[in-house]
Amino acid sequence: MSNFNVAKFGGTSVANFEAMSRCAAIIESNPNTKLVVSSACSGVTNLLVELANGVQDQEHRSEILKQLAEIHDSILNQLNDPTQTASDVYSILDTVTSLAEAASIQASNKLTDHLVACGELMSTFILTQLMKERGINAVRFDIRDVLRTDNNFGKGEPEVETIAQLAQQSLVPLCHDYVVVTQGFIGSDEEGNTTTLGRGGSDYSAALIAEAVKAAGLEIWTDVPGIYTTDPRIAAKASPIPEISFSEASEMANFGAKILHPSTLVPALRHDIPVFVGSSKEPEKGGTWIRHKVESSPLFRALALRCNQTMVTLRSAKMFHAYGFLAKVFEILAKHKVSVDLITTSEISVSLTLDQTDTSGGAPQLPEAARLELEELCTVEVEHNLCLVALIGNNMSESKGYAKQVFGTLEDFNLRMICYGASPHNLCFLVHESVSKLAIQKLHTELFEG
Ligand code: ADP
Ligand code: ASP
Ligand code: MG
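Parameters at a glance
- Residues numbered from 1 in each chain as written.
- Chains lettered and ligands numbered in written order.
- Predicted model: local features only at pLDDT ≥ 70, side-chain atom pairs only at ≥ 80, totals over all residues.
- Heavy atoms only, no water.
- UniProt positions renumbered as here; feature names shortened; annotations may be inferred.
- Near = heavy atom within 4 Å.
- Polar contact = N/O pair within 3.5 Å; in protein donor to acceptor, adjacent residues only side chain to side chain.
- Areas by Shrake-Rupley, 256 points an atom, 1.4 Å probe, with all protein chains shown as cover.
- Nonpolar A, V, L, I, M, F, W, Y, C, P; charged D, E, K, R; others polar.
- Salt bridge = Lys/Arg side-chain N within 4 Å of Asp/Glu carboxyl O.
- Buried < 20%, exposed > 50% of the residue type's maximum accessible area, 1.4 Å probe, protein only.
- Helix = DSSP H or I, 4+ residues; strand = E, 2+ residues; numbered from the N terminus.
- Axes fitted to C-alpha atoms, helices over the stretch in contact; angles between N-to-C directions.
- Parallel < 35°, antiparallel > 145°, perpendicular 65-115°, else oblique.
- Left-handed = near helix turned anticlockwise from the far one by under 90°.
- Contact = heavy atoms within 4.5 Å.
- Core = buried A, V, L, I, M, F, W, Y, C linked by side-chain atoms within 4.5 Å.
- Pairing = 2+ DSSP bridges.

- Labelled according to an unreviewed UniProt entry, the protein appears under the name Aspartokinase, originating from Vibrio hepatarius.
- UniProt, in the comment section headed Sequence similarities (unreviewed entry), describes the protein in these words: "Belongs to the aspartokinase family."

Side note on the site of ligand 2
Part 1: The local shell around ligand 2 consists of Ser39, Thr45, Glu120, Phe185, Arg199, Gly200, Gly201 and Ser202.
Part 2: Here a nitrogen atom of ligand 2 and a side-chain polar atom of threonine 45 are 2.7 Å apart.
Part 3: Burial of ligand 2 by the protein amounts to 86% of the accessible area it has alone, namely 260 Å².
Part 4: For the shell around ligand 2, the per-class residue count stands at one nonpolar, five polar and two charged.

As for the pattern of salt bridges
Close approach of charged atoms lets side chains of opposite charge pair.
Part 1: Within this structure, the stated rule accounts for 13 salt bridges.
Part 2: A salt bridge links aspartate 142 to arginine 144; its shortest N-O distance comes to 2.7 Å.
Part 3: Judged by relative accessible area, arginine 144 falls into the partly exposed class, the value being 24%.
Part 4: In this structure, the salt-bridge partner of glutamate 248 is arginine 301, at a minimum N-O distance of 2.9 Å. With glutamate 248 in helix H9 (residues 246-254) and arginine 301 in strand E11 (residues 300-315), this pair connects stretches of sequence that are 53 residues apart.
Part 5: The exposure class assigned to arginine 301 is buried, which follows from its relative accessible area of 8%.

A word on the packing of helix H3 (residues 58-76) against helix H4 (residues 83-105)
Part 1: Across the interface, H3 lies against H4 with an axial gap of 11 Å and an inter-helix angle of 165°. Between H3 and H4, the angle falls in the class roughly antiparallel. The interaxial crossing formed by H3 with H4 has right-handed handedness. Only Thr85, Ala86, Val89, Tyr90, Leu93, Val96, Thr97, Ala100, Glu101 and Ser104 of H4 make contact with H3, whose side of the interface consists of Arg61, Leu65, Leu68, Ala69, His72, Asp73 and Leu76.
Part 2: Of the residues contributing to the contact of H3 with H4, the split by class is ten nonpolar, four polar and three charged.

Details of the packing of helix H1 (residues 17-29) against helix H6 (residues 118-133)
Part 1: Two elements in contact, H1 and H6, have axes separated by 10 Å at closest approach and are oriented at 60°. Between H1 and H6, the angle is such that the two are oblique. The handedness of the crossing between H1 and H6 is right-handed. Contacts from Phe17, Met20, Ser21, Ala24 and Ile27 in H1 reach Ser123, Ile126, Leu127, Leu130 and Met131 in H6.
Part 2: Broken down by class, the residue content of the contact of H1 with H6 amounts to eight nonpolar, two polar and no charged.

Comments concerning the UniProt feature "binding site: ATP" (unreviewed entry) in the protein
Part 1: The positions UniProt marks with the feature "binding site: ATP" (unreviewed entry) are Lys8, Phe9, Gly10, Gly11, Thr222, Asp223, Tyr228 and Arg233.
Part 2: Relative to the elements of secondary structure, tyrosine 228 occurs in the loop between strand E7 (217-222) and strand E8 (243-245).
Part 3: Look past the residues within four positions of tyrosine 228 in its chain and what remains in contact with it is Ala238, Ser239, Pro240, Ile241, Met252 and Ala302.
Part 4: Structurally, arginine 233 is set in the loop between E7 and E8.
Part 5: Side chain to side chain, arginine 233 and aspartate 223 meet in a polar contact 2.9 Å long.

As for the site of ligand 1
Part 1: Taken together, 17 residues lie near ligand 1, and Thr222, Asp223, Asp231, Arg233 and Lys258 sit nearest.
Part 2: Note that an oxygen atom of ligand 1 is positioned 3.2 Å from one of the backbone N or O atoms of glycine 11.
Part 3: With respect to ligand 1, the side chain of threonine 222 contributes an N or O atom lying 2.7 Å from an oxygen atom.
Part 4: Relative to its unbound accessible area of 580 Å², ligand 1 is 90% covered by the protein chains.
Part 5: For the shell around ligand 1, the class distribution of residues is seven nonpolar, five polar and five charged.

Details of the nonpolar core
Part 1: The biggest cluster of nonpolar side chains holds 111 residues, and the ones touching the most others in it are Leu51, Leu68, Met131, Leu171, Val213 and Ile290.
Part 2: Not counting chain neighbours up to four residues away, the residues in contact with leucine 51 comprise Arg61, Ile64, Leu65, Leu68, Val96, Ala100, Ala103 and Leu115.
Part 3: Counting 21 residues, the second-largest nonpolar core is a separate cluster that includes Leu303, Met396, Tyr402 and Leu415.

Side note on the sheet that holds E8
Part 1: The strand order across the open sheet formed by eight strands is E3-E4-E2-E1-E7-E9-E10-E8, and the pairing between neighbours is mixed. Strands at the two margins of the open sheet, each flanked by one partner only, are strand E3 (138-141) and E8. Taking the axes of each pair of neighbouring strands and ignoring which way they run, one obtains an average angle of 20° across the sheet.
Part 2: In this sheet, strand E9 (residues 275-279) lies alongside E7 in parallel orientation, the contact comprising five bridges. What sits directly across from threonine 222, in E9, is serine 279.
Part 3: Along the sheet face, H6 touches strand E2 (33-38), E3 and strand E4 (179-183) and points at about 160° away from the line of E4.
Part 4: Across the face of the sheet, helix H8 (residues 202-212) comes into contact with strand E1 (5-9), E2, E4 and E7 while running at roughly 150° to E2.

Some thoughts on the sheet that holds strand E12 (residues 340-345)
Part 1: As summarised here, the arrangement of the six strands in space is E12-E13-E11-E14-E16-E15, forming an open sheet in which the pairing is antiparallel. In this open sheet, the two edge strands, each paired with only one partner strand, are E12 and strand E15 (416-420). Strand-to-strand twist in this sheet, taken as the mean axis angle between neighbours without regard to direction, amounts to 30°.
Part 2: As paired elements, E15 and strand E16 (residues 426-432) share three bridges and run antiparallel to each other. By the bridge assignment for E16, tyrosine 420 is matched with leucine 427.
Part 3: On the sheet, helix H13 (residues 402-409) packs against E11, strand E14 (379-393), E15 and E16 and is oriented at approximately 15° with respect to E16.

Below you can see the structure in the form of structure tokens.
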């Protein structure tokens, strides 16, 4: 194992010149940081996704392009020597302009990935130049030369062994001489097409890269000083967690805690790489260490919220005491590549939620063809605007009485699809979006602020 450290900076951490300068100071403070993974500047990916979904109105398209130029210009203008970097950034903006026009005629997942990747391609040009101007021996590296995925555009599946091989060939040698700055979120397939890992994917990229170069540590620098007992934007009294296990943090990420992309900890866990999460704005505040072994395993660790849930309810009297019904349902779903997240059943109905979406955003949809086939078996009801609330903890299935506390706190709420007891680490349910934050606040007060 090398002794080097991979540091990832999220969108708000590279939002402007001052923010990027703080990143550079963090990089300078640790001589072992040899690899820097950066997101696009804050807000850029959202604008690119809008373009990729196809903006017909030319004026509106120009307005978005102007906003993109302004975000980058404001940083370029503060560099000492912006000429080459500005020309690199502007050539990417030209690409964005033509791809946005193409998307307004016909959008596709492949085109979307090409387009949304431009955010990270631009931010890394700027961050590298800023670091050089501070005297850091920085070099920009195009991660598409290493981060191989399949061609599932919008949610590429990384090919871990190939990534490791390519990293050892071209990335590791570079890290001996330079501080390498590269892109999160993006990769490429075997044919060289640009792919992405899904929204928020830079965390996952950083972990994959850390695994591939056998890094000793991974730092995720964001806009909050660590992982909290719940999203501090929802519950003002949420408190930071100094140390958390991989399984607890994975559970949080899987259940929607935006602080980490759901797959982030998979590579880190495979190679037992300790992960640190901290704030690039306030590095002095410390943060959260995610480790294999931790001192405490409290019954309640955290609350997570994942919105944009799509619930599908299938009902049929034929299901009662019949066999093979669910097999048929899953056969249809598999045929249409519909991935299921949660599931609950009763005698005559089964409810399931659809897995989260890819880079193009929005709530996952049940494809029309799948719906039609399912309707030959049963009635199909699709509901949107739901959020999944998850309580994450330890040894929950062996503990008595806590469900009463949870459901008692939420007695006025309409809870759907309660999943309880299947996992020792969590209890979760759906609520309507309009009351989801209130549900988190009430639970947080009851379970974490006592
Ligand atoms: P970045 O751009 O750095 O990747 P994100 O916006 O993706 O940052 O993630 C950081 C945000 O995650 C925080 O601002 C916070 O609102 C949210 N968040 C959700 N759950 C938690 C949690 N349990 N602890 C801390 N932050 C959380
Ligand atoms: N820029 C990408 C996004 O906004 C990836 C990331 O920031 O993690 O989703
Ligand atoms: Mg993020």
